[in-house]
Amino acid sequence: MIKTGTDIALAAHYIRQGELVALPTETVYGLGANALDAIAVAKIFEAKQRPTFDPLIVHIADMEMLGKLFLSPIDPLVFTLAKAFWPGPLTIVFKKTDLVPDLVTSGLDTVGVRMPSHPMALELIRTSGCPIAAPSANLFSQLSPTRPEHVQKQLTNVAYLLDGGSTNVGIESTIVAVENGETEMLRPGIITPEEIALVTGKMPLAHGQSNKIVAPGLLKHHYSPRKPLYFTDSGIKDHKHKGLIKWTFNNAEIDWVRTIVLSEKMNLVEAAANLFGALHAMEEDERVEVIYADKLPLEGIGIAIMDRLTKAAYQYNV
Ligand code: AMP
Ligand code: MG
């Protein structure tokens, strides 16, 4: 069991010592280390069994820290986005300074940075006095954690787990790259391209449109439960013990052994917050052998939810 509690001073002590701390953010739980200490960062890859071609997001608590991570002159678009969405679930990718170890960025000359809005995350970064590199606190390719128990289930080599209860956004940050006065979407999240366009005055390019920005780590198979996962619209096969993750109201027709509704009110924000919790519950439920999930509407936040679900189901649907 990882030592768990709400002692931010102790957690900051571990960060300064170069140890790993699992921390709540508003998106999912992160596995954090001092972002400027390559040896501490190496422990993240080891604990998660994450391949080193997959760069980490660096978390900051104030704009002064940003100046140490992003290379000057910083594109004004970075400040426009930061002003509109920070603290919050938007990661901005921009050219990095030499202070950022290559291991953090997988050798890229850019770094992804975000200022989380979770008060415990912000206070931990401030008390530690350094930016914190933190991918989600799960084993590589498995389900992201939205509760401290989800972290306990997957990880062991962590000095301390800061308990902040359930995360409220529930899916990982939107990632946008800024280059040559343009923005490019790298990963969908709760902040949509339309919202970004409202503040920048221009729709971000779709990922791959500039043909220049690479986002390693965006694999087809990711976020997976340790049980087969299928979509209901491709037909219900004759598996014996089926669990169902429903988009909305439950009209329990088939003999599901477990049904979880993502949002009775058909609210996509609520569905996003419940997504990983539902997948974890199905993974843990010994009665469930196979998981089925409804597809959600591909609009707004539904795009980010379907991105995660499609990757979670990928290996069973090719
Ligand atoms: P996470 O696993 O939630 O920590 O998110 C990390 C993901 O952010 C990586 O898999 C990349 O796709 C993306 N990312 C992080 N840093 C960069 C970067 N410098 N350039 C492009 N993508 C990045
Ligand atoms: Mg992750």
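Residues numbered from 1 in each chain as written. Chains lettered and ligands numbered in written order. Predicted model: local features only at pLDDT ≥ 70, side-chain atom pairs only at ≥ 80, totals over all residues. Heavy atoms only, no water.

Caption draft 1: Just helix 4 (residues 76-85), in detail. Buried within helix 4 we find Leu77, Val78, Leu81, Ala82 and Phe85. Angular distribution of buried residues about the axis of helix 4 spans 135°; they occupy a single face of the element. What points out from helix 4, more than 90 degrees from its buried face, is the exposed set Pro76 and Lys83. At its buried positions, helix 4 is contacted by helix 3 (63-69), strand 5 (90-95), strand 9 (174-179), strand 10 (182-187) and helix 8 (193-200). (Buried < 20%, exposed > 50% of the residue type's maximum accessible area, 1.4 Å probe, protein only. Helix = DSSP H or I, 4+ residues; strand = E, 2+ residues; numbered from the N terminus. Arc of directions from axis to C-beta. Contact = heavy atoms within 4.5 Å.)

Caption draft 2: Region of interest: the environment of Gly235. Relative to the elements of secondary structure, Gly235 occurs in the loop between strand 11 (229-231) and strand 12 (242-246). You can call Gly235 partly exposed: its relative accessible area is 29%. On a C-alpha basis, the gap between Gly235 and Tyr292 in space is 9.7 Å, while along the polypeptide they are 57 residues apart.

Caption draft 3: Focus on the packing of helix 9 (residues 268-284) against helix 10 (residues 301-313). Between helix 9 and helix 10, whose axes approach to 9 Å, the crossing angle comes to 20°. Between helix 9 and helix 10, the angle is such that the two are roughly parallel. In this structure, the crossing between helix 9 and helix 10 has a hand that is left-handed. Residues Leu268, Val269, Ala271, Ala272, Leu275 and Phe276 of helix 9 touch helix 10, and the partners they reach there are Ile301, Gly302, Ile305, Arg308 and Leu309. Here the contact of helix 9 with helix 10 is composed, by residue class, of nine nonpolar, one polar and one charged. (Axes fitted to C-alpha atoms, helices over the stretch in contact; angles between N-to-C directions. Parallel < 35°, antiparallel > 145°, perpendicular 65-115°, else oblique. Left-handed = near helix turned anticlockwise from the far one by under 90°. Nonpolar A, V, L, I, M, F, W, Y, C, P; charged D, E, K, R; others polar.)

Caption draft 4: Structural context of the environment of Gln152. The residue Gln152 is located in helix 7 (residues 148-154) in this model. Residues Gln152 and Thr4, spaced 148 residues apart in sequence, show a C-alpha to C-alpha distance of 9.2 Å. Ignoring any residue separated from it by four or fewer positions in sequence, one finds Gln152 in contact with Met1, Ile2, Thr4 and Leu161. For Gln152, the side chain forms a polar contact with the side chain of Thr4, separated by 2.8 Å. (Polar contact = N/O pair within 3.5 Å; in protein donor to acceptor, adjacent residues only side chain to side chain.)

Caption draft 5: Quick look at the sheet that holds strand 13 (residues 258-261). Pairing is parallel in the open sheet, where four strands are placed in the order 11-14-12-13. Two strands in the sheet have a free side with no partner beyond their single neighbour: strand 11 and strand 13. Neighbour to neighbour, the strand axes of the sheet diverge by 20° on average, direction disregarded. Bridging between strand 11 and strand 14 (residues 290-293) involves three bridges; their strand directions are parallel. Paired with Tyr230 across the strands is Tyr292, a residue of strand 14. In this fold helix 10 packs onto strand 11 and strand 14, with an angle of close to 125° to the strand it touches most, strand 11. (Pairing = 2+ DSSP bridges.)

Caption draft 6: A look at unusual backbone geometry. The peptide bond linking Ser72 to Pro73 adopts the cis configuration, its omega dihedral lying at -5°. For the bond running from Trp86 to Pro87, omega is -10°, close enough to zero to count as cis. Within the element layout of this structure, Pro87 appears in the loop between helix 4 and strand 5. Even without being a glycine, Ser106 presents a positive backbone phi close to 55°. By the secondary structure assignment, Ser106 is in the loop between helix 5 (102-105) and strand 6 (110-114). Owing to a relative accessible area of 25%, Ser106 belongs among the partly exposed residues under this scheme. Even without being glycine, Met266 reaches a positive phi, approximately 55°. Checked against the element boundaries, Met266 lands in the loop between strand 13 and helix 9.

Take it as geometry only, folks, not as evidence of what the structure does.
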